[in-house]
2 protein chains.
Amino acid sequence: MPGPRATTRPHATIKDVAAAVGMSPATVSRALARPDMVASSTAERIRQVADELGYSPSPQARWLHTGRSNALTLVLPDITNPFFFDLIRGAQHEAARAGYTQVLVDTEESAAQERSHLAAARKTSDGAVLGGSRLPDTMLGELAARFPLVSVNRRIRGVPSVTIDTPAALAQAVDHLAGLGHRRIAYLGGPESAWFDDRRWQAIRAAADDHGLTCSRLGHRAPTMIAGEEAVEGVTAGDLTAVITYNDLQALGLMRGLERRGIAVPDQFSIIGCDDIFGADLTKPTLTTVTGSAELAGELATKALLERLDTGKPPRKLHQTAPAHLTIRDSTAPPPEVARR
Amino acid sequence: MPGPRATTRPHATIKDVAAAVGMSPATVSRALARPDMVASSTAERIRQVADELGYSPSPQARWLHTGRSNALTLVLPDITNPFFFDLIRGAQHEAARAGYTQVLVDTEESAAQERSHLAAARKTSDGAVLGGSRLPDTMLGELAARFPLVSVNRRIRGVPSVTIDTPAALAQAVDHLAGLGHRRIAYLGGPESAWFDDRRWQAIRAAADDHGLTCSRLGHRAPTMIAGEEAVEGVTAGDLTAVITYNDLQALGLMRGLERRGIAVPDQFSIIGCDDIFGADLTKPTLTTVTGSAELAGELATKALLERLDTGKPPRKLHQTAPAHLTIRDSTAPPPEVARR
DNA sequence: ATGAAAGCGCTAACAC
DNA sequence: GTGTTAGCGCTTTCAT
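Residues numbered from 1 in each chain as written. Chains lettered and ligands numbered in written order. Predicted model: local features only at pLDDT ≥ 70, side-chain atom pairs only at ≥ 80, totals over all residues. Heavy atoms only, no water.

If you look chain A up in an unreviewed UniProt entry, it shows as Transcriptional regulator, LacI family from Microlunatus soli.

All names here are of chain B. On the basis of which strands lie adjacent, the open sheet formed by six strands has the order 7-6-8-9-10-12 and mixed pairing. A single partner strand is all that each edge strand has here, and the edge strands are strand 7 (214–220) and strand 12 (324–327). If you compare each strand with its neighbour and ignore which way they point, the axes differ by 20° on average. On the sheet, helix 9 (residues 195–211) packs against strand 6 (184–189), strand 7, strand 8 (242–245) and strand 9 (270–275) and is oriented at approximately 165° with respect to strand 7. (Pairing = 2+ DSSP bridges. Helix = DSSP H or I, 4+ residues; strand = E, 2+ residues; numbered from the N terminus. Axes fitted to C-alpha atoms, helices over the stretch in contact; angles between N-to-C directions. Contact = heavy atoms within 4.5 Å.)

What follows covers the environment of threonine 80 of chain B. Structurally, the position occupied by threonine 80 of chain B is in the loop between strand 1 (71–76) and helix 5 (83–97). The exposure class assigned to threonine 80 of chain B is partly exposed, which follows from its relative accessible area of 24%. Linking threonine 80 of chain B and aspartate 106 of chain B, residues 26 residues apart in sequence, is a C-alpha distance of 9.1 Å. Ignoring sequence-local partners within four residues, the contact set of threonine 80 of chain B consists of Asp86 and Arg89 of chain A together with Phe85 of chain B. Within the structure, the side chain of threonine 80 of chain B is placed 2.6 Å from the side chain of aspartate 78 of chain B, a separation counted as a polar contact. (Buried < 20%, exposed > 50% of the residue type's maximum accessible area, 1.4 Å probe, protein only. Polar contact = N/O pair within 3.5 Å; in protein donor to acceptor, adjacent residues only side chain to side chain.)

The next point concerns the interface of chain B and chain A. Many structure descriptions define interface size as the accessible area lost when the parts assemble. On the chain A side, the residues contacting the 59 residues of chain B number 58 residues. The junction of chain B with chain A conceals about 5200 Å² of combined surface from both sides, 55% of it contributed by carbon and sulfur atoms. Counting the contacts that link chain B with chain A gives eight salt bridges. Taken together, the connections running from chain B to chain A amount to 17 residue pairs in polar contact (both at pLDDT 80 or more). Taken together, the elements giving at least two residues each to the side of chain B that touches chain A come down to helix 4 (59–66), helix 5, strand 2 (101–106), helix 6 (111–124), helix 7 (137–146), helix 12 (248–260) and helix 13 (294–311) of chain B. (Buried area = accessible area lost by both parts, 1.4 Å probe. Salt bridge = Lys/Arg side-chain N within 4 Å of Asp/Glu carboxyl O.)

All names here are of chain A. All chains considered together, the criterion is met by zero disulfides over all chains. You can see cysteine 274 has no disulfide; the closest cysteine sulfur is in cysteine 215, sitting 14 Å from it. Judged by its relative accessible area of 0%, cysteine 274 is buried. (Disulfide = S-S within 2.5 Å.)

In structure tokens:
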């Protein structure tokens, strides 16, 4: 019985090619993988016949021997967050360049999903890049010992990582606000499970201290526009004149929320975001934010992963940093009390 | 010699499990795949041991017999176009639900890359969803005969497809403009290789005719913000009062371009986009545009692909349509001559 | 209900 | 330079 797959004709196999050229499968294998181990004339002939038959070796069968699938997995907490777009593209570029296929999975911010996806990734790919993992450090450390892993924007003992240096740029952001005359600012936090949340807060607070600014922390919020919009109450409750948010999505939401309340940005209130996602320069006012190349981070992470795969050892530079800087746009201005003078 | 992969311990195999429970690999295979073919007590024991050993069958080895990789490929011309984000997520959802892995590839608008990626996809996955293919119809038709394919937003003879019904919504868009009093409108075209470009134009022209509007076609442009911004000249050259663009990216770019020229949207000029991407409601003015669920389209396409895989036959409904509608925001208003009265 | 054995497509020793 | 052979992890007859 033909069965369900009868409609798609099976691929030509190495045997078909071998039969067609009247040689053994081994010779065909060599001709294709290591042409120098074979008479150049036969190599040529085999290549040609393989082409005619549309043959190319099956990655799966090859895997049995080599243990390599030539695929990498990119694990993301939320594909729809624009921040990840460039990361995806950077990683994809680098993977393709090295002849690897990229598998993309979205864990939808769920640690459980991340676990199961990683378990699957172990079987189907040679390694994984984790963009903002939600799993505990210990688990990631253990996993990384058995399965090549590179973490993006989260530093974990024993796990190679690439981190965008947003803390440095956030210090610039505070400088910027201080320079404008702001005295009372705050940080609108991200998810508790986000490794970077605390780092960003520390960087901001330290810089605020340097300038003698009052700086409070406005709890933990989801990294979404909705969450930013909902934060309006907390933001307007005190006597703040500026807020730095965990990410741009929050900043955009907050901006919308303030506008709806009739609070003008930046005249009455300044906002600084983080990530410089698509859309940050489309709003009115455009968003002052921290720009770091997620694309570069994706490239570096994949490169590190590939290095690990090639050498079998952790990459030379275990923890890498990609630069970031403050991009000043229109959502920041002197606070009302200064502007009025 | 240990070799490069010495650091990662190999997975437990079916043999390990078999040895651990003192039974044959065949029984283990059955216990896991068809528990009903095995004594329930042994099935239970095997499952438990497999768990302890962290064993699960290798997809690659399984592929040798079944010819199935349990992976689907999603082929996109440009990952960074926000339009595709929801498509990605919808497809991913559906794939995950059915126990499939999703492989994502970005062809960067290149037909050559698309070809080579599809060739690779044939080996590594069971089928592919094409989001806006740039390949000729004939090639896709032939390929689809050998490899399960579903096309999104492009209808091809013999290839199952899911199309977002933007033409219907664009007719609404023209109605909307006519209702506001516009008499001379235009369509800013997309890439020539985009199947939908002509369809959109036809829909707009037909609707314009119905209303007795003058409607011109403003050539072919890349589906990017830059291209939209560059189109300002052409748009302002005539005596137009409104433009409908191929997609939102162009619309956003055009809006920016007009603003820079001091032309007020919507008071002096109305703009309607297409896709309702992230950012379309962030701009000021917010963008009137055509909203269609790319997520739904991704889901439907993947569902159709899975049906094809399960039954071996083309899906019941070869060509599906996902609804779309006009979302009226702030980038459209009566033209100056009407407003003045 | 379970086991033995063959074989999927390919590669890598090991002959010759 | 090329062929033979064994075997990767798994499923599936075919026996028992």
